[in-house]
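# Structural characterization, general
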Amino acid sequence: MTIQKKDKKYVWHPFTHQLNAKYPINIIKGKGVYLYDDKGNKYIDAISSWWVNLHGHCNPYISKKVSQQLSELEHSIFSDFTHPWAVTLAERLLGHLPKNQSKIFYSDNGSTAVEVALKMSLQYWSNQDLSKTTFIAFENGYHGDTFGGMSVGARNVFNNAFEKLLFDVKHIPIPTKQNFVEVKNKLTEIIKTNKVAGFIFEPLVQGAAGMKMYEAKYLDELILICNQNKIITIADEVMTGFGRTGKMFACDNLKHKPDVICLSKGLTGGYFPLGVTSCAEFIYNAFLSEDKTKTFFHGHSYTANATACSAALASLDLLEKKETKAQIKMIEKSHIAFVKKLCSHSEERGIYSNRTDPSLPRRQAGFVGMTTDGARVRSKGTIIAFELNTKEHSHYLNNAAETITDFFLKKGIILRPLGNIFYLIPPYIITKKQLNFIYGAIEEFLERVDS
Ligand SMILES: *Cc1c(COP(=O)(O)O)cnc(C)c1O
């Protein structure tokens, strides 16, 4: 039996409509920006394998560090025990994170990093005998697939079946120039009428919502309001972390720093699942008590897995290099130029355009093509996104997705849109030439849509 046939027989895939699902592509090798299938085809991984890969597949440096690690320590228990890789990683992460962050809590992935952040916030209050249990979150947000993550995330087709069991969360729209006063009022009103524990957000870019972007200055004001009202602010940087928005963390664009930060995805350079929840000293202090019931009783079997930590350390080595920073800049600049190009002839090309609103800033704080409702053609750092103008309005189940995916696979590019939303989030080792090849294929696709 071929691997594909065995796959059908034995395996259930994530986020996949299994009935009549096509045979999945069988990837047998990864090298640099490319993935190779069993038929000899190679594909540029333009979406970094679900946003995790930073330095290319089978990066020689990370692979070497990881294989060395495997002859030292693969994994060990992390309660009552520690190891140098977890401690050094915590120290180095804190060196990069905002100064107010003081402790690193390890878990397994993005969803658990968020779950830990939510539980930490709730227990922070309950340890002080205060009952504050309401969370505030942005509409359309995505914070993972566990129950806490789903609860603070958008209510949509992904979690319909669980809706009754999700806890109550107050959602506010992402801020724009037009709605900002309204959003602030809504936030203030929620704070007044509820016992709010925390406010969770994806800073600057909402990934799964379709790479929706908004400006730092508005988020800054919302964080300030939360600070003034003693509400814990939680930045979910699972997607935005490690250079994606141009800076190390999206929070580096903010004046007011969040109290809690969630990291995963790029943390290990795309090698292993690992989650981090960092927090400010005052939160940690609320768990220091003679009373043992105030302990944070949370942990996963593989907490601070040594192999994953060693990959994260190697990934940080590469991120700190000036060559990597230059690559991030190169990608950012290329995206900005391509956004301009798309904007200049988007109307003829069946993509949503922002040219109808001349009041919009063209290039401001790295935002290009920002529009009133959270932007159509846009880029931020190494992320670029735009929407195909289809008749259907549902993003996730949009039939355009399959056509788009197939067209690009034939060109040797993995570009798996979020419904009708195209986006690129490439590994940082991508070359200018490879980027131009992808842009060219996008233009070719858009020309075909037109005719
Ligand atoms: C992907 C993602 C998560 C969930 O991470 P997993 O590792 O898939 O569990 C949480 N928050 C954000 C912002 C994400 O993009």
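Scoring rules and cut-offs
Residues numbered from 1 in each chain as written. Predicted model: local features only at pLDDT ≥ 70, side-chain atom pairs only at ≥ 80, totals over all residues. Heavy atoms only, no water. Helix = DSSP H or I, 4+ residues; strand = E, 2+ residues; numbered from the N terminus. Rg over C-alpha atoms; globule rule 2.2 N^0.38 Å. Buried < 20%, exposed > 50% of the residue type's maximum accessible area, 1.4 Å probe, protein only. Contact = heavy atoms within 4.5 Å. Areas by Shrake-Rupley, 256 points an atom, 1.4 Å probe, with all protein chains shown as cover. Lys, Arg positive; Asp, Glu negative; His and termini not counted. Charge placed at Lys NZ, Arg CZ, Asp CG, Glu CD. Near = heavy atom within 4 Å. Polar contact = N/O pair within 3.5 Å; in protein donor to acceptor, adjacent residues only side chain to side chain. Nonpolar A, V, L, I, M, F, W, Y, C, P; charged D, E, K, R; others polar. Core = buried A, V, L, I, M, F, W, Y, C linked by side-chain atoms within 4.5 Å. Domains from an automatic or database assignment.

This paragraph deals with the overall build of the protein chain. A tally of helices and strands in the protein chain yields 13 helices and 18 strands. Expected size for 451 residues packed as a compact globule is a radius of gyration near 22 Å; at 22 Å, the protein chain falls within 12% of this value. The 451 residues of the protein chain split such that 55% are buried. Counted over contacts in the protein chain with a minimum sequence separation of 6, partners at least 24 positions apart contribute 70%. Surface exposure of the protein chain reaches about 20,800 Å², of which carbon and sulfur atoms provide 56%. Looking at charge distribution, the protein chain has the averaged site of its 55 positive side-chain charges lying 4 Å from that of its 44 negative ones.

So, on to the site of the ligand. Residues in contact with the ligand, as listed here, are Trp51, Asn109, Gly110, Ser111, Tyr142, His143, Gly144, Glu202, Asp236, Val238, Met239 and Lys265. Between the ligand and the protein, one listed contact pairs an oxygen atom with a backbone N or O atom of glycine 110 at 2.8 Å. Between the ligand and the protein, one listed contact pairs an oxygen atom with a side-chain N or O atom of serine 111 at 2.6 Å. Broken down by class, the residue content of the shell around the ligand amounts to 4 nonpolar, 5 polar and 3 charged.

For methionine 211, which is not glycine, the phi torsion reads 50° and is therefore positive. Here methionine 211 is to be found in the loop between strand 8 (205-206) and strand 9 (212-213).

With 97 residues, the main nonpolar core has Tyr106, Phe199, Phe242 and Phe408 as its most contacted residues. For this core, the domains that each give at least three residues are domain 1 (3-58 + 322-450) and domain 2 (64-319). The residues touching tyrosine 106, leaving out its near neighbours within four places in the chain, are Phe78, Ala86, Leu89, Ala90, Leu274, Gly275, Val276, Thr303, Ala304 and Cys309.

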